[in-house]
Amino acid sequence: MKESTESLNFIEHIIEEDLAAGFPKEKLRFRFPPEPNGYLHIGHAASICLNFGLGEKYQAPVNLRFDDTNPSKEEQEYVDAIKRDIAWLGFRWANECYASDYFDQLHAWAVQLIKDDKAYIDQQTSEQIAAQKGTPTTPGTASPYRDRPVQESLELFERMKNGEFPAGSYVLRAKIDMASPNMHMRDPILYRIINAHHHRTGSKWCIYPMYDWAHGESDYIEQVSHSLCTLEFKAHRELYDWYLDQILDPNKLRPKQREFARRNLSYTVMSKRKLLELVQKKVVAGWDDPRMPTISGLRRRGYTPTSIRKFSDLAGIAKRDNVTDVSLLEFCIREDLNQTATRVMGVLNPVKLVITNYPEGKSEILHLENNPEEANSGTHEVPFSRELYIEREDFKEDGGKNYFRLSLGNEVRLKSAYIIKAESVVKDSFGEIQEIHCTYDPESRSGSGTEASERKVKGTLHWVSIAHAIKAEVREYDRLFLDEAPDSHEEKGFLEFVNPNSLNVIQEAYLEPFLANATLEDKYQFQRLGYFTLDPDSKDGKLIFNKTVGLKDTWAKQNNQNQAQNQPKAATPTPAQPQKKAINEIQQIGKKLTNLSGEKLETAMNSIREFAEEISYEELEPLFGTAVKKTGTRIAAMLALGVLLKKGQEKNAGIDTFIQSGREDENEILKAEAEKLN
RNA sequence: UGGUCUAUGGUGUAACUGGCAACACGUCUGAUUUUGGUUCAGAAGAGUCUAGGUUCGAGCCCUAGUAGACCAACCA
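The structure presented is a predicted model; accordingly, all values stated were derived computationally and were not measured. (Residues numbered from 1 in each chain as written. Chains lettered and ligands numbered in written order. Predicted model: local features only at pLDDT ≥ 70, side-chain atom pairs only at ≥ 80, totals over all residues. Heavy atoms only, no water.)

J.: Could you clarify how one ought to interpret the sheet that holds strand β27 (residues 543-550) in this entry?
T.: Strands in a sheet are paired, the pairing made by backbone hydrogen bonds, and the direction either parallel or antiparallel. Ordered in space as β10-β25-β26-β27-β23-β24-β11, the seven strands form an open sheet in which the pairing is mixed. Each end of this open sheet is capped by a strand with a single partner; those strands are β10 (342-344) and β11 (346-347). Here five bridges tie strand β26 (residues 530-534) to β27, and the two strands are oriented antiparallel to one another. Looking across to β27, one finds that Phe532 is bridged to Lys547. The sheet contacts of helix α12 (residues 326-340) involve β10, β25 (523-526), β26 and β27, and relative to β27 the element is tilted by about 120°. (Pairing = 2+ DSSP bridges. Helix = DSSP H or I, 4+ residues; strand = E, 2+ residues; numbered from the N terminus. Contact = heavy atoms within 4.5 Å. Axes fitted to C-alpha atoms, helices over the stretch in contact; angles between N-to-C directions.)

J.: Sorry, what's going on with the environment of Ile129 here?
T.: Within the secondary structure, Ile129 is located in helix α5 (residues 126-132). With relative accessibility at 8%, the residue Ile129 sits in the buried group. Distance from Ile129 to Asp187, taken between C-alpha atoms, is 9.7 Å for residues 58 residues apart in sequence. Aside from chain neighbours lying at most four places away, what touches Ile129 is Asp122, Gln124, Val171 and Arg173. (Buried < 20%, exposed > 50% of the residue type's maximum accessible area, 1.4 Å probe, protein only.)

J.: Would you mind showing me how to read the nonpolar core here?
T.: If you look at soluble globular proteins, the nonpolar side chains tend to sit buried side by side. Counting residues in hydrophobic clusters, the biggest one holds 44 residues, and the most contacted among them are Ile15, Ile42, Ile48, Leu54 and Ile86. Of all the secondary-structure elements, those providing two or more residues to this core are α1 (10-20), β1 (30-32), α2 (42-58), β2 (62-66), α3 (76-89), α10 (295-301), α11 (305-315) and α12. Looking at this core element by element, the count peaks at eight residues for α2. Each residue touching Ile15, except ones within four places of it in the same chain, is listed here: Leu28, Phe30, Leu54, Tyr58 and His226. By size, the runner-up hydrophobic cluster in this structure holds 37 residues, among which are Leu113, Leu154, Met160 and Tyr208. (Core = buried A, V, L, I, M, F, W, Y, C linked by side-chain atoms within 4.5 Å.)

J.: Please clarify how the environment of Thr304 should be interpreted in this entry.
T.: On the secondary structure map, Thr304 appears in the loop between α10 and α11. Setting aside its immediate chain neighbours within four residues, Thr304 contacts Trp88, Ile333, Asp336, Leu337 and Lys523.

J.: Just to check I follow, could you spell out the packing of aromatic side chains for this structure?
T.: The way to describe two aromatic rings as a pair is by their centre distance and the angle between their planes. The full count for this structure, using the stated rule, is 24 aromatic pairs. With 5.8 Å between their ring centres and 75° between their planes, Phe103 and Tyr208 make a pair best called edge-to-face. One end of the pair, Phe103, is in helix α4 (residues 103-115); the other, Tyr208, is in strand β7 (residues 207-209), and 105 residues separate them in sequence. Residue Phe103 is classed as buried on the basis of its relative accessible area, which comes to 2%. Note on Tyr208: relative accessible area 0%, which makes it buried. A network of ring pairs unites the aromatic residues Tyr358, Phe384, Tyr418, Tyr440 and Trp463 as a single cluster. Above the plane of the ring of Tyr98 lies Arg200, whose end atom (NZ or CZ) is 3.5 Å from the centre. The lysine or arginine in question, Arg479, covers the ring of Tyr267, its NZ or CZ lying 3.8 Å from the ring centre. (Phe/Tyr/Trp six-rings, centres within 6.5 Å; stacked < 30°, edge-to-face > 60°. Lys NZ or Arg CZ within 6 Å of the ring centre and 35° of its normal.)

Right, dumping it as structure tokens:
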């Protein structure tokens, strides 16, 4: 159970308020309403976790409802994928519903609307209707068919339903208000003719309800109490309510729509249309490509339901535009996998290491802890022998003092095995290292309890025995886009930011033999490298592992920083930061002034004086009116004024008043500066 | 240019009916460590878009700006 001190998001506040106002808790009901026209993504996870999370929190039913009102875009494949993803996330829906289940009811209500003279049949082209709609700033004009007699509309609607007309020839429109400032209220379309096979109703219908008509009424039919959707539907709310008003039985629950901001993730895109484009243009291998932000992509990549739910929880729900840093998602998966993943060893970029004093032909079985984070996780066996692979990056002939890995003459621990010392290298004619020759300390075997085994050495390396290693393909992934928000550029399409190196395939990695029995469900930590999971492309005899996410790597970070520092200054492109105006700088610095003291204060005041050299009196004058409590800004203004006066600015009434007010202020600094100018 | 919504450290969210701006990620130290992981201890970083106002007191209320988002599909 959650603690009562936990902070609530604004949706939860609304529900708590409703409850406090007397809404019965047992009538709470939610729904998640996807359109089956694409796969679910991490943005949907926000909505799924919100709705189903609310259901769990209040013990309320949550329906899964497919908004399947447009047969030309929707497919059974998507229905199946969506159900699979939600179930995988660990949520259980109360009912599996379809808007198409309500087509008969919706149609009956539409007929009633016509009879009530609240709807009419229009027979203009979509262009004509669009033109009459007006713009957000100018009112629309009425359709010439707006006052068609009720009986005539009724007959035409019936004939539409019977398939007597071609697609696009007639529509049913609500009769609301062509002058409404809300475009959605300008006689919106309720029904249109579509001749396409529907994944559930087949060819029964050739007229299909529009989203607004179907959605709110579906909520009503299911007696959903809180209909939560994303912000772009805010403007639809008025129509949602209008439709409800037409059919509402006052004895029944009236659903209410509330809107929250959709969740964006940095370095990716989050719209089904764009994701579909990536699939269709073969930028990625499919909806479940591990680089995709889809639930199925993340699953294939190795993300767990726990991590995704945790992410949704941490990211929260609010109403402002956002781009959540992907590092938060990565934190969530690392946190989960650190607790649960089995530790193994694998070498991705091998170099041969020979232990010269280890008997040829000998091998032994060592034991590797399955998970140091979990006390009873046990161990598994790993073979050791004279010839091993280690990572090429784990050896340098001369490493330097910050290099904890293997270098000539230095000792290092082989994880769960022995301490070794590098003695020499064998190179080919290009100078490339072929073999590293070392000696080992036979007394130092891990866990043997000997004094030598307890010895502290700086570094520990992972390794595999060449004779025993199994081969596997390993796929490493980088962000799919190079830009933090690839679809936020007006002049460039998101595809221009695709990262050409988002996939790196290692054809032949060497893994400890334990991994031969890996299953798709298993999660591994390749020690010192990251988390990996088996890809479904794996076949008998050919293992393929996906890298879910790397371990945090402070060493790599440190290296990158050093490299950046060593680069000549001209090569580091200074971001084209628009130069702030001097007056703004002064305001900025001034704000913080009252929090500073000593040297910092001195520095700040001096930089204000410097910036003041570049400003005009006209720019400064408005600051004289700064509220009394904003002392910092007033000090800054006083300092700047001092500079201007020194430069020959004439005193005037405004200046005198400002100086006088400063002299009378409680703040010592302000007082002192004002005195100087008096 | 009409309507609607939003604005809090680098990022994402909190802050109850006005009462010392909090948490997480990220960043940076240091300790521990047979994973340069984990864990632990700590630090820096915002005075809440701007300017007024109400108030003993404003991130929160009021006014006026500014910036961004959404709205004119027979899509959802």
